[in-house]
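These are the residues of each chain, in order.
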Amino acid sequence: KYLLNTCDLSLLRFLSAELTRGYFLEHNEAKYTERRERVYTCMRIPRELEKLMVFGIFLCLDAFLYVFTLLPLRVFLALFRLFSLPCYGLRDRRLLQPAQVCDILKGVILVICYFMMHYVDYSMMYHLIRGQSVIKLYIIYNMLEVADRLFSSFGQDILDALYWTATEPKERKRAHIGVIPHFFMAVLYVFLHAILIMVQATTLNVAFNSHNKSLLTIMMSNNFVEIKGSVFKKFEKNNLFQMSNSDIKERFTNYVLLLIVCLRNMEQFSWNPDHLWVLFPDVCMVIASETAVDIVKHAFITKFNDITADVYSEYRASLAFDLVSSRQKNAYTDYSDSVARRMGFIPLPLAVLLIRVVTSSIKVQGILSYACVVLFYFGLISLKVLNSIVLLGKSCQYVKEAKMEEKLFNPPPASAPGKPPNKSQNKCKPSQEENLSASVTSQPVHPKESVVPFLVASSSDQFLTTPDGDEKDITQESSELKHRSSKKDLLEVDRFTICGNRID
């Protein structure tokens with residue numbers, strides 16, 4: 001501090017002091033170092049986020065291609081086993097394995113909803129939407145996004161209820177309304193969700209074909225409104241994980257919607273390749289705006305909540321853990337259903353709509369056309385197998401880097417799920433790398449009735465993000481209590497909900 005007398009006060013002395021006044025940033029080194037690290041974190045966010053997004057999009061692609069490639073083959077094998085039972089005799093108490101029952105249900109739902117979609121006129125819907133005003137279409141599009149999230153949140157519950165009702169052991173007391181009511185509920189859900197996605201695709205198609213592109217601009221600006229609703233809220237790691245899964249699902253769904261829009265427009269212009277270059281700038285603009293909004297949103301969320309960029313590698317390891325655990329002998333679910341629970345991406349309605357659009361846009365006539373369809377199907381199978389192999393290898397790598405192999409082989413005890421596992425159970429462990437490579441390539445074995453299942457609870461539900469470390473508690477007991485409560489909160493982050501930003 002400068003102590004100045006009243007006689008020393010003058011304008012010249014004040015200007016001299018302002019021009020020669022100095023300061024040292026090193027006196028507050030910690031503060032400025034933290035600010036510099038925040039800048040570096042924001043610079044790392046785009047790369048880490050896009051690595052997570054690319055991995056998650058390929059996971060959604062794998063689950064989506066499964067519906068077109070392996071699911072028909074699995075349904076054929078299940079039906080062949082069902083019809084060939086009189087020839088071989090009933091050796092097992094079950095007519096079909098639970099996975100085969102679920103495959104048949106998925107196939108029947110897909111076929112029924114496909115034929116039901118023929119009663120929905122796409123052209124009439126297009127002209128009906130095109131006749132509305134721009135503001136009305138903008139409001140409708142926002143309502144469709146909210147409805148899609150609600151459908152995604154409740155749809156997988158309907159499908160899971162159907163699968164469990166159809167495969168539940170019959171020795172237990174009946175506590176459900178029956179398989180047939182659940183089946184009709186599932187068919188109704190998939191049909192309504194497919195119509196909802198069709199209206200979204202039609203609205204986007206109208207925006208692409210509008211003369212002044214005003215509707216497309218308004219729809220793109222709607223993404224930036226998302227920044228305002230997300231950035232200035234408090235986020236924890238598990239809530240950010242929910243948002244990341246939501247963004248992955250939203251981005252992949254937009255890619256499929258853009259594909260549907262391109263198919264419909266190319267059909268109207270007799271598959272003229274020149275028109276594809278007319279659509280290309282608008283498609284790139286939509287994708288670029290979605291990517292920019294996600295980067296800005298996640299960058300400021302991590303900045304305001306002091307979350308490091310390394311958290312995205314943890315999220316990626318969590319998604320990889322789901323894939324690896326679904327290839328275990330004691331897997332409790334199919335991977336496509338696991339993706340639906342984690343991200344809210346349900347492939348059945350989107351697959352029904354895409355099949356409906358492709359079959360109505362492309363006419364197959366002649367032997368050569370059918371040969372091209374067969375070759376295209378084998379190409380899809382090759383793409384699915386190649387994508388699955390690459391994803392499985394990358395997932396094993398991410399699981400090993402996160403040191404999560406032991407979670408695949410050390411299930412929680414069945415008697416006391418609230419207590420920590422006994423340390424004596426971990427003494428005799430086989431080589432984790434050998435077990436990991438062997439377990440993901442072997443086929444599941446149907447367990448006997450008297451044997452207790454190896455996995456009582458979902459291992460993937462237990463590890464979602466690693467709990468925050470370096471917590472300073474007064475006593476060790478309070479530290480363990482806080483750790484258990486953190487685990488309990490993380491167990492709830494197993495699916496995409498409309499309340500992704502809610503802090504419990």
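Just above, that's the structure.
Treat the numbers as computed from the prediction; the structure is a model and nothing was measured. Along each chain, the written sequence defines residue order, and numbers are assigned to residues from 1. Totals for whole chains, interfaces and linings use all residues, but because this is a predicted model, local features are given only for residues with pLDDT of at least 70 and pairs of side-chain atoms are given and counted only at 80 or more. Computation of side-chain values: all heavy atoms of the structure, hydrogens and water removed.

J.: Please explain the packing of helix α10 (residues 237–268) against helix α14 (residues 347–361) as it appears in this structure.
T.: Direction vectors running N to C along α10 and α14 enclose 15°, while the axes themselves pass 10 Å from each other. On the basis of their axis angle, the class for α10 and α14 is roughly parallel. Where α10 crosses over α14, the two elements pack in a sense that is left-handed. Contact residues: Val256, Leu259, Ile260, Leu263, Arg264 and Glu267 in α10; Leu350, Leu353, Leu354, Val357, Val358, Ser360 and Ser361 in α14. Polarity classes work like this: nonpolar for Ala, Val, Leu, Ile, Met, Phe, Trp, Tyr, Cys and Pro, charged for Asp, Glu, Lys and Arg, and polar for all others, with Gly in that last group. When grouped by side-chain class, the residues that make up the contact of α10 with α14 number nine nonpolar, two polar and two charged. Helix axes use the C-alpha atoms of the stretch in contact, all axes being lines fitted to C-alpha atoms, and the angles between their N-to-C directions lie in the range 0 to 180 degrees. Under the DSSP-based scheme used, a helix requires at least four consecutive residues in state H or I and a strand at least two consecutive residues in state E, with every element numbered from the N terminus. For this classification, under 35 degrees means roughly parallel, over 145 means roughly antiparallel, 65 to 115 means roughly perpendicular, and everything else is oblique. A clockwise turn of the near helix away from the far one marks a right-handed crossing, whereas an anticlockwise turn of less than a right angle marks a left-handed crossing. What makes two residues a contact is simply this: any of their non-hydrogen atoms within 4.5 Å.

J.: I'm lost on the packing of aromatic side chains in this one. Help?
T.: Given two aromatic rings, one states the distance between the centres and the angle between the planes to describe the pair. Only Phe, Tyr and Trp rings take part, Trp by its six-membered ring, and two of them pair if their centres are within 6.5 Å. Stacked means planes under 30 degrees apart, edge-to-face means over 60, and tilted covers everything else. Under the criterion given, the structure shown has 13 aromatic pairs. Ring geometry for Phe300 and Phe304: centres 5.9 Å apart, planes at 45°, overall tilted. Of this pair, Phe300 and Phe304 both sit in helix α11 (residues 273–304), four residues apart, which is roughly one turn of that helix. Think of it in three bands: residues with accessible area under 20% of the maximum for their type are buried, residues over 50% are exposed, and the middle band is partly exposed, with areas taken using a 1.4 Å probe on protein chains only. Among the residues examined, Phe300 registers a relative accessible area of 38% and is labelled partly exposed. Here the aromatic residues Phe64, Phe68, Phe252 and Phe345 are joined through ring pairs into a cluster of three or more. In this scheme, the term charge over a ring applies when either NZ of a lysine or CZ of an arginine sits within 6 Å of the ring centre and within 35 degrees of the ring normal. Looking at Arg316, its charged tip hangs above the ring of Tyr398, at a distance of 4.3 Å from the centre.

J.: How should the nonpolar core be read in this particular structure?
T.: Within soluble globular proteins, side chains that are nonpolar generally end up buried alongside one another. For our purposes a nonpolar core is just a set of buried Ala, Val, Leu, Ile, Met, Phe, Trp, Tyr and Cys residues, chained together by side-chain atoms within 4.5 Å. Judged by nonpolar contacts, the single largest core of 105 residues is most densely connected at Ile109 and Phe208. Sort the elements by how many residues they give to this core and helix α8 (residues 179–209) lands first, with 16 residues. Setting aside residues up to four positions removed in sequence, Ile109 forms contacts with Leu159, Leu162, Phe183, Ala186, Val187 and Val190.

Scope: geometric values only; no functional claims are made or implied.
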